[in-house]
Amino acid sequence: MNERMSGEALLTAAARGVKGGLVRLQLGQANPHWSPDGGFLALLDCTPALFARTQGKDPWFFLGAQGRRLAARKLARARRTGRIQADFPCYTPAGQLRWLRWCGVLEAPHRWRFFCLYIGRWRQVQQELEGERERRQVLLRCTDGLAFEYDGVEDVMTFCDRRPGRTGGGIWRAGGYLAALEESGCPGAAAFAAICRGKSIGPAEVRLEGRAFPGREGGWFSASGAPVEGQGGRTCVLGVLRDISAHKKETQKLRSRCCRDPMTRLYNKLSTAEAVDSYLQSPCRGESGALLLIDLDDFKGVNDRYGHQFGDAVLTEVSARLQANFRATDIVGRVGGDEFVVFMKDAAAPVVGETVERLCRLLERELPTRRGLSVRGSIGVALWPRDGATYETLFAAADRAMYEAKRAGKDRYRMAAGAPAPTLGGGAKGEVGCPLCLGRLLERATAAPTPEEGVRRVLADLGDALGAHRTYFVWRGEAPLYLWAAPGVAVGLPDGPAAPALLERADLQPYYDPAAGLLYCPDAEAAGESAPRFAALCRARGARAVLQCRVSAGERVGLLGAEVNGARRYWNKEEVALLKGAARICQLLLC
């Protein structure tokens, strides 16, 4: 390094406000000798006299043990090139650490000249950046999803697949990504595009496949991301795609299970009402339709004579005939023990009449499981929009027509008179759409911003539907206790470590069915002799009737319960099924 280069370096350092100084090192003598200038001495907080005195005892005093070994190796290698640049940890006489960058040139066979810069702040920033980079790498290694980086200037998406057990993982890029994403038509593509543009941080559910996920197996993902400043001041979006394909599949399976009658696989009572009302409110509905209410004639005699197992087989056969007689777009449901509802879409009155007559002939056919035996049905028909604008009014009109068919001798159908039916029950309790459907319950729960909020929605909706005073969900040995209580009702339930006491079953044998995981106690006061501990717990919180369902996920055991204060309560099958479905939803949300 010549005088001109040293002067320029010093001027540059001074202009940037960086501490710097010059020092010469003379070797080839008994002891090395340093000749520092004022800038170098300032770097070490040292006076000339103190430096000379300390150097006389130990020429390498300011380098320390680590710096001496490093300097010896660097100087030995630099003799061939005559130049050296390295970072050394140096120490002041008071023992304070100062990181210096040494830039040196060999001026003579045994004389080096160094320009030193203080780089302590720079090293601190570098260590912080390195720590941040390492934390990000640890986060990527720990996640079981995909990390992504979108460069909006180049329109390039970079994926980093960290999902376990996936072939073809690693890092890959896709150019022209936003156009490909929007052209793919994938569900949720618009929401994911908003995240990539920095207009949203998510989370958003999106299905990525094809051009939106080139060269890889697609699936459902929960996307979250945020804009960050990248290299050269360019803004990019970093985020994570969490694979929720299995969760979506399980949710769809549970939704189907909630909306279907378990024996016939037709829509159940509540989902039938929802499906019809949803169609009638849709802008894509047709101009006409019909609702058929079918009640099997004298079906109780079939059960009494041949048994309920045979009766179930007859119901299954009738369901199959209904599905064969109507279009796949029509809505077919079982709304009672031997009652069925069919809503025919885009069907005028003449077509409805022909279809119903064909259905009567179809029902009269001999059952394949018993020769000479057939079933008959009384059918009431209500036309939309003539006889009503909602499922409730159409059902009421068809119900009256069906009873007219019964009074006329059964095994026939009757059309509704044409006047709109009055409201059932004269208020909210008579409305068909008011009872809670598991499908609606699942939809509200999964739309919640967090799983915990989803559980709270389940408990609130379940409590309203069952008319309970409190509902709760808890994992054995875990906190918290998720709880809902009706307005003005005392909580009365233990939280935290005391909550697992709700799962005790030692004295509940008369009321607990281990196979079904159900506890059904309509009157806790009457349980005092056989289940004294349970009765005492209920008495302490004012509960009279208790309905609970037990669920398990691996080694975890959970409990969903509903309680009524003050009076006995007998829950019907639909309410028990609703509680069991709600328990399964809570398990799905929290696992």
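What counts and how
Residues numbered from 1 in each chain as written. Predicted model: local features only at pLDDT ≥ 70, side-chain atom pairs only at ≥ 80, totals over all residues. Heavy atoms only, no water. Helix = DSSP H or I, 4+ residues; strand = E, 2+ residues; numbered from the N terminus. Contact = heavy atoms within 4.5 Å. Areas by Shrake-Rupley, 256 points an atom, 1.4 Å probe, with all protein chains shown as cover. Axes fitted to C-alpha atoms, helices over the stretch in contact; angles between N-to-C directions. Parallel < 35°, antiparallel > 145°, perpendicular 65-115°, else oblique. Buried < 20%, exposed > 50% of the residue type's maximum accessible area, 1.4 Å probe, protein only. Pairing = 2+ DSSP bridges. Phe/Tyr/Trp six-rings, centres within 6.5 Å; stacked < 30°, edge-to-face > 60°. Core = buried A, V, L, I, M, F, W, Y, C linked by side-chain atoms within 4.5 Å. Patch = residues over 30% accessible without salt bridge, like charges linked within 9 Å, V, L, I, M, F, W, Y side chains within 5 Å. Salt bridge = Lys/Arg side-chain N within 4 Å of Asp/Glu carboxyl O. Lys, Arg positive; Asp, Glu negative; His and termini not counted. Charge placed at Lys NZ, Arg CZ, Asp CG, Glu CD. Polar contact = N/O pair within 3.5 Å; in protein donor to acceptor, adjacent residues only side chain to side chain. Arc of directions from axis to C-beta.

### Digging into the overall build of the protein
Helix and strand counts for the protein come out as 17 helices and 22 strands. For the protein, the proportion of contacts with a sequence separation of at least 24, taken over those separated by at least 6, is 55%. On the protein, roughly 30,300 Å² of surface is accessible, and the fraction owed to carbon and sulfur atoms is 51%.

### Some points on the packing of helix H15 (residues 451–466) against helix H17 (residues 573–590)
H17 packs onto H15 with a crossing angle of 175° between their chain directions and a minimal axis gap of 9 Å. Of the possible angle classes, the one that applies to H15 and H17 is roughly antiparallel. Contact residues: Pro 451, Gly 454, Val 455, Val 458, Leu 462, Ala 465 and Leu 466 in H15; Glu 575, Leu 578, Leu 579, Ala 582, Ile 585, Cys 586, Leu 589 and Leu 590 in H17.

### Section: the pairing of strand E13 (residues 331–334)
Of the two faces of E13, both are covered, the one formed by Ile 331 and Gly 333 as well as the one formed by Val 332 and Arg 334. Sheet topology places E13 next to strand E14 (residues 339–345); four bridges connect them, and they run antiparallel. Across the sheet, residue Arg 334 finds its bridge partner in E14, namely Phe 340. Remark: four residues form the turn of the hairpin made by E13 and E14, two consecutive strands paired antiparallel.

### Topic: the packing of aromatic side chains
In total, this model carries 21 aromatic pairs according to the counting rule given. Ring centres of Phe 88 and Trp 102 lie 6.0 Å apart, and the angle between their planes is 90°; this geometry places the pair in the edge-to-face category. Separated by 14 residues along the polypeptide, Phe 88 in strand E3 (residues 83–91) and Trp 102 in strand E4 (residues 97–108) bring together distant segments of the chain. With relative accessibility at 3%, the residue Trp 102 sits in the buried group. Seen in terms of ring centroids, Trp 112 and Phe 114 are 5.9 Å apart; in terms of plane orientation they differ by 15°. Their pairing is stacked. For Trp 112, a relative accessible area of 2% gives the class buried.

### Comments concerning the sheet that holds strand E6 (residues 146–151)
An order of E8-E7-E6-E11-E10-E9 is seen for the six strands of this open sheet, with the pairing classed as antiparallel. Of all strands in the sheet, those bounded by a partner on one side alone are strand E8 (170–175) and strand E9 (204–208). Pairwise comparison of adjacent strand axes, ignoring direction, gives a mean angle of 30° for this sheet. Pairing of E6 with strand E7 (residues 156–161), which is carried by six bridges, proceeds in the antiparallel orientation. The residue of E7 that forms the bridge with Glu 149 is Thr 158. Strand contacts of helix H7 (residues 189–196): E6, E7, E9, strand E10 (219–229) and strand E11 (235–243), with the helix running at about 110° to E9, the strand carrying the most contacts.

### Points about the nonpolar core
Membership of the largest hydrophobic core comes to 37 residues, with the highest contact counts inside it found for Val 455, Val 458, Leu 466, Phe 473, Leu 560, Leu 579 and Ile 585. Going through the elements one at a time, helix H8 (245–259), helix H14 (438–446), H15, strand E17 (470–475), strand E18 (482–485), strand E21 (543–553), strand E22 (556–565) and H17 are the ones with two or more residues in this core. With ten residues, H17 is the single largest residue contributor to this core. The contacts of Leu 560, once residues within four sequence positions are left out, are Leu 459, Leu 462, Tyr 472, Phe 473, Leu 547, Gln 548, Cys 549, Leu 579, Ala 582 and Ala 583. The next biggest cluster of nonpolar side chains, apart from the first, holds 29 residues, and it includes Ala 290, Ile 294, Phe 340 and Leu 359.

### Examining the sheet that holds E13
In spatial order, the strands read E13-E14-E12-E15-E16; together these five strands make up an open sheet with mixed pairing. The two strands at the open ends of the sheet, each matched to only one other strand, are E13 and strand E16 (413–415). On average, each strand axis in the sheet is tilted by 15° relative to the strand beside it, whichever way the strands run. Across seven bridges, the pairing between strand E12 (residues 289–296) and E14 is antiparallel.

### Remarks on a positive patch on the surface
On the surface, Arg 69, Arg 73, Arg 77 and Arg 80 cluster together into a patch of positive charge. A residue is classified by how much of its surface remains accessible, and Arg 69, at 52% relative accessible area, is exposed.

### Quick notes on the side chain of Lys 345
Among the secondary structure elements, Lys 345 is positioned in strand E14. With no salt bridge to any partner, buried Lys 345 finds its closest opposite charge in Asp 330, at an N-O distance of 6.6 Å. A distance of 3.1 Å separates a polar side-chain atom of Lys 345 from the backbone oxygen of Thr 329. Setting aside residues up to four positions removed in sequence, Lys 345 forms contacts with Tyr 279, Ser 288, Arg 327, Thr 329, Asp 330 and Ile 331.

### Thoughts on H7
Three or more residues of H7 are buried, namely Ala 189, Phe 192, Ala 193, Ile 195 and Cys 196. Buried positions in H7, seen along its axis, are confined to an arc of 155° and lie on one side of it. Tucked inside the fold, the buried residues of H7 contact E6, E7, helix H6 (177–184), E9, E10 and E11. Taken from the residues just after H7, Gly 198 is the one with a positive phi, measuring 80°.

### Structural notes on the pattern of salt bridges
Summed over all chains, the structure comprises 24 salt bridges. Arg 376 is the partner of Asp 411 in a salt bridge, and the nearest nitrogen-oxygen pair spans 3.2 Å. On the criterion of sequence distance, the pair formed by Asp 411 in the loop between helix H13 (391–407) and E16 and Arg 376 in the loop between helix H12 (349–363) and strand E15 (377–384) is long-range, its members being 35 residues apart. Accessibility expressed as a relative area gives 32% for Arg 376, which makes it partly exposed. Beyond isolated ion pairs, a larger network of salt bridges with shared partners links Arg 24, Glu 107, Arg 111 and Arg 113.

### Points about the side chain of Gln 55
Structurally, Gln 55 is set in helix H3 (residues 48–57). Note on Gln 55: relative accessible area 7%, which makes it buried. Within the structure, Gln 55 has its side chain in polar contact with the backbone nitrogen of Trp 34 (distance 2.4 Å). Dropping the residues within four chain positions of it, Gln 55 is found in contact with Pro 32, His 33, Trp 34 and Phe 61.

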